[in-house]
Every structure is written in structure tokens, then in C-alpha cells.
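The primary structure of each chain is shown beneath.
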Amino acid sequence: MRERLLAAEKVKAIEWRDGRLHLLDQRLLPSEERWLAYDSAEAVAEAIRSMVVRGAPAIGISAAYGVVLGLRARLAEGGDWRAALESDFDVLAASRPTAVNLFWALNRMRERLERLKEGETPLAALEAEAEAIHLSDREANLTMAQLGVELIRRVGSRPQALLTHCNTGALATGGFGTALGVIRAANLEGLVERVYADETRPWLQGSRLTAWELANEGIPVSLNVDSAAAHIMKTKGITWVIVGADRITANGDVANKIGTYQLAVNAMHHGVRFMVVAPSSTIDMALETGDDIPIEERDGSELLELGGKRVAADVEAFNPVFDVTPADLIDAIVTEKGVVERPDAAKMAQLMCRKRLH
Ligand code: MRU
């Protein structure tokens, strides 16, 4: 299956080329495919903050390359480059708060710096580390896709109706996608009748990005407003809700795009299975429960305006962009280290002791 998955890879959103970070501007999709090039850590932080690049793994990978760009500039400045680089780590860490992959990637880059051996070139070492982070996310996608398909197949070998939320595909990761990777692989195995894609208010990752990725591959997809999800579960024979994650805590609680929590509640009510697909870089064992996860609140204009024009009444908006799904609403968390069914603290701890499966 690995070869078929690799052959099906079409979209890319992150490229490290000629010593620069190239990002596909996700704010313009699907109407325009424009690549932007980045030369500095601050510019990469701004790209993350302003959603040029988004999705937990993609944010982490971009931040890792941001550190490389920061290091190159600090070395050129001369002086105490290690001290100066700290402000690049800080600016990147401040770009978005919820997806832990950002902090995981920055920690990994810092640790690599601390492990530099006598005679090693710092820039080459950090560039190789960022590329390794990028590549290992791609590999994790492939492993998770195969594990997720096995879960779908347990329900039956007929094509199934699936529901997903936000964008978790090639645009959000270093490769094939997390939740969308599972869906793509399931489609290759003839297990997908139709994908129902929540539009994902307010930023519309579902309608602009997920629908675009699925349509590009000829996977049958219907777009629906977020509030149609319960109705669709009841009337369309959905077998699985499949979503990604921005942070998973030690007890198996999952932060993901706002609206995920109500999907899980609705899935439980309708007897629909609920699958979370995320690499282990999304697991934050330092936080006991989801209550400890910082939830990003974005500008109210994302709700109050459409295409730059005010549509709402003259009120203030509350715009939390993530929520936390409690572990007891989740049937399975799929990672590259294996699958945790009915997650709890003991099972999550066991998972984290395992090696990657590939
Ligand atoms: O605000 P975004 O677009 O960065 O949010 C993305 C999500 O919530 C995704 O579901 C999550 O990052 C998983 S991506 C593989």
C-alpha cells in the first residue's frame, strides 16, 4: 500500500529549496495557487500567524525551517549567535498557541543545537534536522493512513460514508495528511462511498482546502455547513467521523478545530465511531488534561466580516478557534506508533514508550 500512497501524493504546501522556505499561500486557495518565499525567522512566524501555512504538523515543520533561517542570519551578524538565536525561537513560539507541534519542533531544533559536536557546522546540522522533521512527518502520514484504513475495514468492506472537519490533508502536513491521509488511503482501497466535509467556520478550511484536495483526486465529496453534521450522521449512514488534532494531552483529550467537540458528542449520540489521526509530535504528555491546553482566540473580524465587508450586527464576536474533545468520546487515536482505542492515561503512556512503526 505504501507505494500506492506515495504515487497518489499530488499537493505539496511546503518546500525547502535554495536555502529558502517556500510556502503555498493557503489564504488564496482554491482560487489562486501562489507560492511565497521566506528568508527570515520573523517572516516565517508571520506566515504562521497569518495562516499562509496552517495545520499542526505543517506549522511545526515551517517553524523548524524558520530556525534554520534565523541561525543563518545570526551567524552572518557575528557575535554571540546562540544568544541572538533565542529571540528567533521566541518569535516563532509566539506565532500560534494551540498546536503543540510548533513547540515540539522548536524543542527538537534546540536539542540538536545543544548536541552539536566539536567541528560540526551548526547551519548544516540544523538544516538536516529540519529536513528530518519534514521527512518523518511524511513517513508518519503513510503509517497512520494504513492503520486508519484497518479500522475502517473493521466496519465492513463496502464503500462507507465518512465525515471530516477542517483540513488535515497535504496542505496541513509534510506529506499525505493525517485524517485526510486515512480517507485518501481508504479511497484507494475502495472503502469510500462519499466524504462529507464540514465547511469549518469561520476560516473555511473545509470548503476552501479539504474540498479542493479531495476534488483534485476525484474522491466523492459533499460540502456541508458545520451545523448539518448531526443531520448527516442521522440520515446518511456515516460510519466514522475522522479528524486531526492540534494537541493531545496525557489522558487522551484532543484539541482540534472548533466544532470538533460537538461532532464527537453528536457521534456518540448516533452510534457513529470517532477517529482522531495525529502524529506523536501532536501528543503533549506534559499536560495532564485538555483543560490545560491554551485555546487560541482569533480576531472577531473573521466572524463579523465576509470578504472584507461587514455582515454582522454591531456587536462584538467571541472567536475561539479550537476546542477540546474529552477522551471518553473518542473511539481511536491513530498515530505512527500505533492505535490507542478508547484512550486513557495508561494507554497514552504505553503508546509513548513505543517506537515508530516504520
Ligand atoms: O487553524 P488551523 O487551520 O491551523 O487548524 C487546523 C486544524 O485544526 C487541523 O485539524 C489540525 O491541525 C490537524 S492538521 C493535520
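An unreviewed UniProt entry annotates the chain as Methylthioribose-1-phosphate isomerase of Pseudomonas indica. Looking at the Pathway (unreviewed entry) heading of the UniProt record, one finds this comment for the chain: "Amino-acid biosynthesis; L-methionine biosynthesis via salvage pathway; L-methionine from S-methyl-5-thio-alpha-D-ribose 1-phosphate: step 1/6." Comment text from UniProt for the chain, heading Function (unreviewed entry), reads "Catalyzes the interconversion of methylthioribose-1-phosphate (MTR-1-P) into methylthioribulose-1-phosphate (MTRu-1-P). Also catalyzes the interconversion of 5-deoxyribose 1-phosphate and 5-deoxyribulose 1-phosphate. Part of a bifunctional DHAP-shunt salvage pathway for SAM by-products."

J.: I'd like to hear about the domain arrangement of the chain, residue by residue, with values.
T.: Segmentation of the chain into domains returns domain 1 (2–135) and domain 2 (145–352). One C-alpha centre belongs to domain 1, the other to domain 2, and the line joining them spans 24 Å. Across the contact, 33 residues belong to domain 1 and 38 residues belong to domain 2. Inspection of the domain 1/domain 2 interface yields 2 salt bridges. Connecting domain 1 to domain 2 are 17 residue pairs in polar contact (both at pLDDT 80 or more). Of all the secondary structure elements, the ones that give two or more residues to the side of domain 1 that touches domain 2 are helix H1 (2–8), helix H3 (56–77) and helix H5 (101–114). Grouping the constituent residues of the side of domain 1 that touches domain 2 by class yields 19 nonpolar, 5 polar and 9 charged.

J.: A description of empty space enclosed by the protein should follow, citing residues and the corresponding values.
T.: A complete count under the given rule lists 2 cavities of 30 Å³ or more for this structure. Each pocket or cavity is described by its volume, and for the largest cavity that value is around 210 Å³. Surrounding the largest cavity, 28 residues form its lining, Gly 55, Ala 56, Ala 245, Asp 246 and Asn 256 being those nearest its centre. Residue assignment for the lining of the largest cavity shows that the elements contributing at least two residues are H3 and strand S9 (254–257).

J.: Quick one: what's the story with the sheet that holds strand S1 (residues 14–17), residue by residue and with numbers?
T.: The strand order S1-S2-S3 describes an open sheet built from 3 strands, whose pairing is antiparallel. Of all the strands in the sheet, just S1 and strand S3 (35–38) have a single pairing partner and so form its edges. Across this sheet, the average inter-strand angle for adjacent strands is 25°, counted without regard to direction.

J.: Could you give an account of the site of the ligand, naming the residues involved and the relevant values?
T.: Close to the ligand lie 18 residues; Arg 96, Gln 205, Asp 246, Asn 256 and Lys 257 are nearest. Within the side chain of Asn 256, a nitrogen or oxygen atom sits 2.7 Å from an oxygen atom of the ligand. At 2.7 Å, a side-chain N or O of Lys 257 approaches an oxygen atom of the ligand. About the coverage of the ligand: the protein hides 99% of its 420 Å² of free accessible area. With respect to the pocket detection grid, the ligand is positioned in the largest cavity. Elements with a contribution of two residues or more to the shell around the ligand: H3 and S9. Considered class by class, the residues forming the shell around the ligand number 7 nonpolar, 7 polar and 4 charged.

J.: Tell me about the packing of helix H6 (residues 122–155) against helix H7 (residues 179–188), and please be specific about residues and values.
T.: Contact geometry for H6 and H7: axes closest at 8 Å, N-to-C directions at 65°. You can see that H6 and H7 cross each other, and the crossing is right-handed. Residues Met 144, Ala 145, Gly 148, Val 149 and Ile 152 of H6 touch H7, and the partners they reach there are Gly 181, Val 182, Ala 185 and Ala 186. Residues of the contact of H6 with H7, tallied by class, amount to 7 nonpolar, 2 polar and no charged.

J.: If you had to explain the packing of H7 against helix H8 (residues 205–216) to someone new, which residues and values would you point to?
T.: Between H7 and H8, the shortest axis-to-axis distance is 12 Å and the interhelical angle comes to 20°. When the axes of H7 and H8 are compared, the pair comes out roughly parallel. The handedness of the crossing between H7 and H8 comes out as right-handed. Packed against H7, whose contacting residues are Leu 180, Ile 183 and Arg 184, the element H8 presents Thr 210, Glu 213 and Leu 214 at the interface.

J.: Now, about helix H10 (residues 260–270): what can you tell me, with residues and values included?
T.: Those residues of H10 not exposed but buried are Thr 260, Leu 263, Ala 264 and Ala 267. Looking straight down H10, one finds its buried side chains confined to an arc of 100°; they lie on one side. Gly 271, located one to two residues past H10, shows a positive phi value of around 70°.

J.: How would you sum up the UniProt feature "site: Transition state stabilizer" (unreviewed entry) in the chain? Please name residues and give values.
T.: In the numbering used here, UniProt assigns the "site: Transition state stabilizer" (unreviewed entry) feature to Cys 166. For Cys 166, the location among the structural elements is in the loop between strand S4 (160–164) and H7. Judged by relative accessible area, which is 7%, Cys 166 ranks as buried. In contact with Cys 166, not counting residues within four places along its chain, are Arg 54, Thr 200, Gln 205, Gly 206, Thr 210 and Lys 257.

J.: Please give an account of the pairing of S4 that cites residues and values.
T.: S4 sits mainly inside the fold: 5 of its 5 residues count as buried. On S4, burial covers both faces: Gln 160, Leu 162 and Thr 164 on one face and Ala 161 and Leu 163 on the other are all buried. Here S4 runs beside strand S5 (residues 192–198); their pairing, made up of 5 bridges, is parallel. Pairing of Thr 164 across the sheet is with Ala 197, part of S5. Chirality of the crossover, the property in question, places the unit of S4, H7 and S5 among those that are right-handed. Where S4 lies against strand S7 (residues 238–243), 4 bridges are found, and the strand directions are parallel. Residue pairing for S7: Leu 162 is matched across the bridge by Trp 240.

Analysis parameters
Residues numbered from 1 in each chain as written. Predicted model: local features only at pLDDT ≥ 70, side-chain atom pairs only at ≥ 80, totals over all residues. Heavy atoms only, no water. UniProt positions renumbered as here; feature names shortened; annotations may be inferred. Domains from an automatic or database assignment. Contact = heavy atoms within 4.5 Å. Salt bridge = Lys/Arg side-chain N within 4 Å of Asp/Glu carboxyl O. Polar contact = N/O pair within 3.5 Å; in protein donor to acceptor, adjacent residues only side chain to side chain. Helix = DSSP H or I, 4+ residues; strand = E, 2+ residues; numbered from the N terminus. Nonpolar A, V, L, I, M, F, W, Y, C, P; charged D, E, K, R; others polar. 1 Å grid on protein atoms, 1.4 Å probe; cavity = no way out; pocket = protein on both sides within 12 Å on 5 of 7 lines; lining within 4 Å. Points joined across faces, edges and corners; volume = space filled by probe spheres on them. Pairing = 2+ DSSP bridges. Axes fitted to C-alpha atoms, helices over the stretch in contact; angles between N-to-C directions. Near = heavy atom within 4 Å. Areas by Shrake-Rupley, 256 points an atom, 1.4 Å probe, with all protein chains shown as cover. Sits in = over half its atoms within 2 Å of the grid points. Left-handed = near helix turned anticlockwise from the far one by under 90°. Parallel < 35°, antiparallel > 145°, perpendicular 65-115°, else oblique. Buried < 20%, exposed > 50% of the residue type's maximum accessible area, 1.4 Å probe, protein only. Arc of directions from axis to C-beta. Right-handed = clockwise from strand over helix to strand, strands pointing away.

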